[in-house]
Amino acid sequence: MSPAARLRALEPDWLRDPKVWRTEVLGGLVVALALIPEAISFSIIAGVDPAIGLFASFTMAVTIAVVGGRPAMISAATGAVALVIAPLNRDHGFGHLVAAVILAGVFQILLGALGVAKLMRFVPRSVMVGFVNSLAILIFMAQVPEMRDSPWPVYPLMAAGLALMVFFPKVTTVIPAPLVSIVILTVITVAAGIAVPTVGDTGKLPSSLPVPGLPDVPFTLDTLTTVAPYALAMALVGLMESLMTAKLVDDITDTHSSKTRESIGQGVANIVTGFFGGMGGCAMIGQTMINVRVSGARTRLSTFLAGAFLMVLCIVFGPIVSDIPMAALVAVMVMVSVATFDWHSIAPRTLKRMPAGEITVMVVTVACVVATHNLAIGVVVGSITAMVVFAKRVAHLAEVTAVTDPDSGAVVYRVTGELFFASSNDLVGRFDYATDADKVVIDLSAAHVWDASSVAALDAIETKYAQRGKTVEIIGLNEPSARIHESLSGELTGSH
């Protein structure tokens, strides 16, 4: 085999498939067009020049395409990150913001290396469904300002854009419908001279590439203590959104991705972005849905091209891009919100079959996200709610039944279920200390002792019997339960 043939054999399959190339290239182009007004609006939230958000989106997308763990996921400047770092920029200046972005990247690399991605296994499905639905609601809510107090032509343009995206795929799927919609609506508004808000109205596009450099701050301990809290908050919020988005894309594409690599990759991308003077970012869920669900992209090429096209569109085709009507991009995002929402989760048949606790967790997650506009807060509160619901449900599974051994006369209490802080609290009250025989046996062969609260409860039971001159024998402990009981018994209640 020749060296060229060996090299071709090592290439991924998609590199040799023209259809995949077309899908990835067009998907990246659609995402780049949608990124421009988003990045500009997030720059305004952070209190920086629009070019800063666009530069961040460029460097984040290009870098994460190489070092990230989830192919086809889009990372760029985001509203969550902008909200976290806006106070730092306002109170201490842009130099401190850049320093915080770099430090946040370092934190993300450390957290990734320490295995923070493994915490994703504790996010239950009901929280994931709530996350997806609240995301769809937030995407739609973000478009509402563009629909208010707008010139009347905006509304028929939006309706036309939605109609194109619904019906054009029935004709062909070779070209993404959002791209067709954006091009046609732009041609109509420019050719007919229709006065509607455009991309150019949201902010000035950059005319040159970003230049690398160090943040303009004194390298002192005081600077570190100032930026560290903001950097840590940005790192945690960015990782939360990125890992949740990666899990969502895993489910959509029925593939697995490395969450540890994604965590470290987010850190590397933020460090690179900081050195290029960007405002930092994380996974962009709306743009990822455009890329994966709407455009059908599946590889790193679309992510890389989204960033590359973004700069080309701004620098080379800035005047043309500035003429794109916002109505076209709003229509795309409305379509994305509709496609993202899990309509099956709120269907009457689903709600009838779903346990009340699961519905509660989903509603709490959605309510928190919509109220705070922060996906990370919703996921944390939803997960805590799910744990409380689970603990309450499992607490009722611990049962105590008593029988008298006819041979020895001893009372045998058989305990079944999981013993932990929630279920063991009322365990002490399930025994008849006054009337039981002098010997009591507690059979735990059908139970499992999980924590110190359970051991303390067993100690309290022994103590109450001992005060009445009665003996207690605990039998049937499995190996892990015996280990925790042996190490803690007598050390928690002051008995023995």
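Above: the structure in question.
Every chain's residues receive numbers from 1 upward, in the order its sequence appears when written. Two thresholds apply to this predicted model, a pLDDT of at least 70 for residue-level local features and 80 or more for giving and counting side-chain atom pairs, whereas whole-chain, interface and lining totals are computed over all residues. To obtain the side-chain values, all non-hydrogen atoms of the structure were included, while hydrogens and water were left out.

## Looking at the packing of aromatic side chains
Only Phe, Tyr and Trp rings are paired, with Trp represented by its six-membered ring, and only when their centres lie within 6.5 Å; those with planes under 30 degrees apart are stacked, over 60 edge-to-face, the remainder tilted. Considering all chains together, one arrives at five aromatic pairs under this definition. Judged by centre distance (6.5 Å) and plane angle (90°), the rings of Phe 431 and Tyr 465 are edge-to-face. Placement of Phe 431 in the loop between strand S4 (411–419) and strand S5 (439–449) and of Tyr 465 in helix H19 (residues 452–466) is noted, with a sequence separation of 34 residues between them. Each ring, one from Tyr 433 and one from Tyr 465, has its centre 4.8 Å from the other, and the planes form 55°; the classification is tilted. Residue Tyr 433 is located in the loop between S4 and S5, and its partner Tyr 465 is located in helix H19; the two are separated by 32 residues in the primary sequence. Numbering of helices and strands runs from the N terminus, with a helix taken as a DSSP run of H or I at least four residues long and a strand as a DSSP run of E at least two residues long.

## Overview of unusual backbone geometry
Phi at Asp 149 takes a positive value of approximately 50°, unusual for a residue other than glycine. Of note in this structure, Asp 254 is not a glycine but carries a positive phi near 55°.

## Here's the deal with the environment of Ser 242
You can see Ser 242 is positioned in helix H10 (residues 221–253). Only protein chains enter the accessibility calculation, which uses a 1.4 Å probe; a residue whose area is less than 20% of its type maximum is buried, one above 50% is exposed, and one in between is partly exposed. For Ser 242, a relative accessible area of 0% gives the class buried. Contact criterion: two residues are considered in contact whenever any of their non-hydrogen atoms come within 4.5 Å of each other. Ser 242 has contacts with Met 73, Gln 266, Cys 282 and Ala 283, leaving out every residue within four places of it along the chain. Think of a polar contact as two N or O atoms within 3.5 Å of one another; within protein, one of them needs to be a possible hydrogen donor and the other a possible acceptor, and neighboring residues in sequence only count if both atoms come from side chains. Separated by 2.7 Å, the side chain of Ser 242 and the backbone oxygen of Gly 238 make a polar contact. In this structure the side chain of Ser 242 is engaged in a polar contact, spanning 3.1 Å, whose partner is the backbone nitrogen of Ala 283.

## Thoughts on the pairing of strand S6 (residues 471–475)
Where a strand is regular, its side chains alternate between the two sheet faces. Here S6 shows one buried face, formed by Val 472 and Ile 474, and one open face, formed by Thr 471, Glu 473 and Ile 475. Relative to S6, S5 runs parallel, the two being bridged by five bridges. What sits directly across from Val 441, in S6, is Glu 473. By definition, the crossover connecting two strands over a helix is right-handed if that path, from the first strand to the second, turns clockwise as seen with the strands pointing away from the viewer. Tracing the backbone out of S5, into H19 and back to the parallel element S6 gives a crossover that is right-handed. Two strands qualify as a pair provided that DSSP identifies no fewer than 2 bridges between them.

## Focus: the layout of surface pockets
Here a cavity is any set of points on a 1 Å grid over the protein atoms alone where a 1.4 Å probe fits but cannot get out, and a pocket is any open set with protein on both sides within 12 Å along at least 5 of 7 lines; a residue lines the site when it has an atom within 4 Å of a point. Grid points are joined across faces, edges and corners, and a volume is the space filled by probe spheres set on the points. Computed from the structure, the largest pocket encloses a volume of approximately 780 Å³. Surrounding the largest pocket, 32 residues form its lining, Glu 38, Phe 42, Gly 79, Leu 138 and Ala 142 being those nearest its centre. Broken down by class, the residue content of the lining of the largest pocket amounts to 21 nonpolar, eight polar and three charged. In this classification, the charged set is Asp, Glu, Lys and Arg, the nonpolar set is Ala, Val, Leu, Ile, Met, Phe, Trp, Tyr, Cys and Pro, and all remaining amino acids, among them Gly, are polar.

## Details of a nonpolar patch on the surface
Residues form patches when they are more than 30% accessible in relative terms and have no salt bridge. Like charges link within 9 Å. Nonpolar side chains (Val, Leu, Ile, Met, Phe, Trp, Tyr) link within 5 Å. Residue exposure ignores everything except the shown protein chains as possible cover, and the areas themselves are Shrake-Rupley values with a 1.4 Å probe. Salt bridges, as used here, are contacts in which a Lys or Arg side-chain nitrogen is within 4 Å of a carboxyl oxygen on Asp or Glu. Residues Leu 209, Val 312, Ile 315, Val 316, Phe 317 and Ile 320 make up a contiguous nonpolar surface patch of about 520 Å² in total accessible area. With a relative accessible area of 38%, Phe 317 lands in the partly exposed category.

## Brief notes about the sheet that holds S4
The four strands lie next to each other as S3-S4-S5-S6, forming an open sheet whose pairing is mixed. The strands lining the two open edges of the sheet, one partner per strand, are strand S3 (399–404) and S6. Mean inter-strand twist for the sheet, computed between neighbouring axes without regard to direction, equals 20°. Interaxial angle, 0 to 180 degrees, is taken between N-to-C directions of lines fitted to C-alpha atoms, where a helix line uses only the stretch in contact. Taken strand by strand, H19 contacts S4, S5 and S6, and its axis lies near 175° from that of S5.

## A word on the pattern of salt bridges
Pairing between side chains of opposite charge can happen when their charged atoms approach one another. Inspection of the entire model under this criterion finds seven salt bridges. Here Asp 443 ties to Arg 414 by a salt bridge, and the two come within 3.2 Å at their closest N and O atoms. Taken together, the residues span a long stretch of sequence, with Asp 443 in strand S5 and Arg 414 in strand S4 at a distance of 29 residues. In this structure Arg 414 comes out as partly exposed when scored by relative accessible area, which is 37%. Glu 479 is paired through a salt bridge with Arg 483; the nearest N and O atoms lie 3.4 Å apart. Of this pair, Glu 479 and Arg 483 both sit in helix H20 (residues 479–488), separated by four residues, roughly a single helical turn. One network of salt bridges, with partners in common, ties together Arg 70, Asp 250 and Lys 259.

Shape descriptors only; they carry no functional weight alone.
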